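Structural overview
Listed below, chain by chain, are the residues.
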Amino acid sequence: MLIEAKDLCKYYGKGESEVKALDNACLSIDKGEMTAIVGTSGAGKSTLLHLLGGLDKPSSGVVRYEGENIFDYSERKLARFRLKKIGFVFQFFGLVPELTAWNNIILPAGLNRNADKEYIRHICDTLGINDRLTHYPSQLSGGQQQRVAIARALANKPSVLLCDEPTGNLDEASGKEVMELLARVRKEYGQTVIIITHDSSVAGQCDRIIKINDGKLTENG
């Protein structure tokens, strides 16, 4: 087991205005799995993903990575965990518009001061963007921007890719290409991939589907 979440709760607001974004969520994910977390808007999908990646802290409960509760870490150690162990892919790409594709990709590796440029160029070749590395985000299609975002997420050789609606801002053809690339990346580099989606066709390409509704995991299989 690579990741385990136990009794995760996340509340916003107080008293009558309190909202339970997550309500005693439990799950476990094995190394190398591609898992879909499916639910409607507001169901708690992104909240769960942010907690699994250490971007937010729960109101209660734990997230264990290789047996260690990441919320027992100091702020510095938690930041290092996010930088070295987790790669994030977002729906709206999150690229820095003033940087070329290449400089966007190596940004996290630069923060880690450990850019393996040969490895990164191999990723770019796998993703089919070697001829776009000198382009700026505004010069790229949506599908190309998402490929750059995936390359950036892989730059530090993370163990886990967390993908928040990675096809949600793409047309059907580009979305299909991105899912094929994620499957190829998982096979070639061995990442564990967790995908937030509301699209049943995207979820159907994963090994497992976890359904979430009103902050509760209603199915785990």
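Quick summary incoming for the structure in this document. Residues take numbers from 1 onward in each chain, read along the sequence in its written order. Reporting of local features is limited, given that this is a predicted model, to residues whose pLDDT is at least 70; pairs of side-chain atoms are given and counted only at 80 or more, and all residues count toward the totals for whole chains, interfaces and linings. The side-chain figures draw on all heavy atoms in the structure; neither hydrogens nor water molecules are used.

1. Thoughts on the overall build of the protein
Worth spelling out the cut-off: Numbered from the N terminus, helices here are DSSP runs of H or I no shorter than four residues, and strands are runs of E no shorter than two. In this treatment the radius of gyration is a C-alpha quantity, and the globule benchmark scales as 2.2 Å times the residue count to the 0.38 power. For the exposure calls, accessible area comes from a 1.4 Å probe over protein chains only, and a residue counts as buried if that area is under 20% of its type's maximum, exposed if over 50%, partly exposed in between. In what follows, a contact means two residues having at least one pair of non-hydrogen atoms within 4.5 Å. In this description, accessible areas are obtained by the Shrake-Rupley approach with a 1.4 Å probe, and a residue is regarded as covered only by the protein chains that are shown. Working convention for charge: Lys and Arg count positive, Asp and Glu count negative, and His plus the chain ends are omitted. We put the charge of a Lys on NZ, of an Arg on CZ, of an Asp on CG and of a Glu on CD.
Counting its regular elements, the protein contains seven helices and 10 strands. Compactness check: the protein gives a C-alpha radius of gyration of 17 Å against a globular reference of 17 Å for 221 residues, within 12% of the reference. Overall, the C-alpha framework of the protein stretches about 50 × 40 × 35 Å when taken along its three principal axes. Expressed as a percentage of the 221 residues in the protein, the buried residues total 50%. Considering only residue pairs separated by 6 or more positions, the protein has 70% of its internal contacts joining residues 24 or more positions apart. Carbon and sulfur atoms make up 45% of the accessible area of the protein, which amounts to about 10,700 Å² in all. Taking the average place of the 28 positive charges on the side chains of the protein and the average place of its 28 negative ones, the gap between the two points comes to 6 Å.

2. Things to note about helix H5 (residues 142–154)
Filter applied, for reference: Between the first and last residue of a helix there are one fewer steps than residues, each counted as 1.5 Å, and that sum is the expected span.
The first and last C-alpha atoms of H5 sit 19 Å apart over 13 residues, in line with the 18 Å expected at 1.5 Å per residue. Looking at H5, one finds that the buried residues are Gly 143, Gln 145, Gln 146, Arg 147, Val 148, Ala 149, Ile 150, Ala 151, Arg 152, Ala 153 and Leu 154.

3. A few points about the nonpolar core
Put simply, the test is: As used in this record, nonpolar core signifies buried Ala, Val, Leu, Ile, Met, Phe, Trp, Tyr and Cys residues forming a set joined through side-chain atoms within 4.5 Å.
If you look at the biggest cluster of nonpolar residues, it comprises 39 residues, and the most contacted ones within it are Ile 105, Ile 120, Leu 127, Ile 129, Leu 161, Leu 182 and Ile 195. Elements with a minimum of two residues in this core: strand S3 (34–38), helix H3 (101–111), helix H4 (117–127), H5, strand S7 (160–164), helix H6 (172–189), strand S8 (192–197) and helix H7 (200–203). Residue contributions to this core peak at six residues, all from H5. Setting aside residues no more than four positions away along its own chain, Ile 120 makes contact with Trp 102, Ile 105, Ile 106, Ala 109 and Ala 155.

4. A short note on the packing of aromatic side chains
Applicable threshold: In this analysis, rings of Phe, Tyr and Trp, with Trp reduced to its six-membered ring, are considered paired at centre separations within 6.5 Å, and the interplanar angle assigns stacked below 30 degrees, edge-to-face beyond 60, and tilted for intermediate values.
Applying the stated rule across the entire model yields four aromatic pairs. Judged by centre distance (6.1 Å) and plane angle (65°), the ring pair of Tyr 73 and Phe 81 falls under edge-to-face. The exposure classification of Tyr 73 matches that of Phe 81, with both residues buried. Here the aromatic rings of Phe 88 and Phe 90 are separated by 6.0 Å at their centres, their planes lie at 5°, and the arrangement is stacked. Residue Phe 88 is classed as buried on the basis of its relative accessible area of 16%.

5. Considering the pattern of salt bridges
To keep things clear, this is the line we draw: By convention in these notes, a salt bridge is any Lys or Arg side-chain nitrogen within 4 Å of a carboxyl oxygen on Asp or Glu.
Applying the stated rule across the entire model yields nine salt bridges. A salt bridge links Asp 56 to Lys 10; its shortest N-O distance comes to 3.5 Å. With a gap of 46 residues between them, Asp 56 in the loop between helix H1 (45–52) and strand S4 (60–65) and Lys 10 in strand S1 (residues 3–12) connect regions that are remote in the sequence. On the basis of relative accessibility, which here comes to 25%, the residue Asp 56 falls in the partly exposed class. A salt bridge links Glu 33 to Arg 208, with the nearest nitrogen and oxygen atoms 2.9 Å apart. Of this pair, Glu 33 sits in the loop between strand S2 (19–29) and S3 while Arg 208 is found in strand S9 (residues 208–213), placing the two residues 175 residues apart along the sequence. Look at Glu 33 and you get buried, because its relative accessible area is 16%.

6. Focus: the pairing of S8
Here is the rule: Any two strands between which DSSP finds at least two bridges are classified as paired. Looking down the strands as they point away from the viewer, one classifies a crossover as right-handed if the path from the first strand across the helix to the second runs clockwise.
Within S8, six of the six residues are buried, which leaves it mostly tucked inside the rest of the structure. Every second residue of S8 is oriented toward a common face, with Thr 192, Ile 194 and Ile 196 on one face and Val 193, Ile 195 and Thr 197 on the other, all of them buried. Examined bridge by bridge, S3 and S8 share five bridges and lie parallel to one another. Looking at the pairing, Val 38 lines up with Thr 197 of S8. Note: S7 against S8, five bridges, orientation parallel. Bridging from a neighbouring strand, Cys 163 pairs with Ile 195 of S8. Handedness of the S7-H6-S8 crossover: right-handed.

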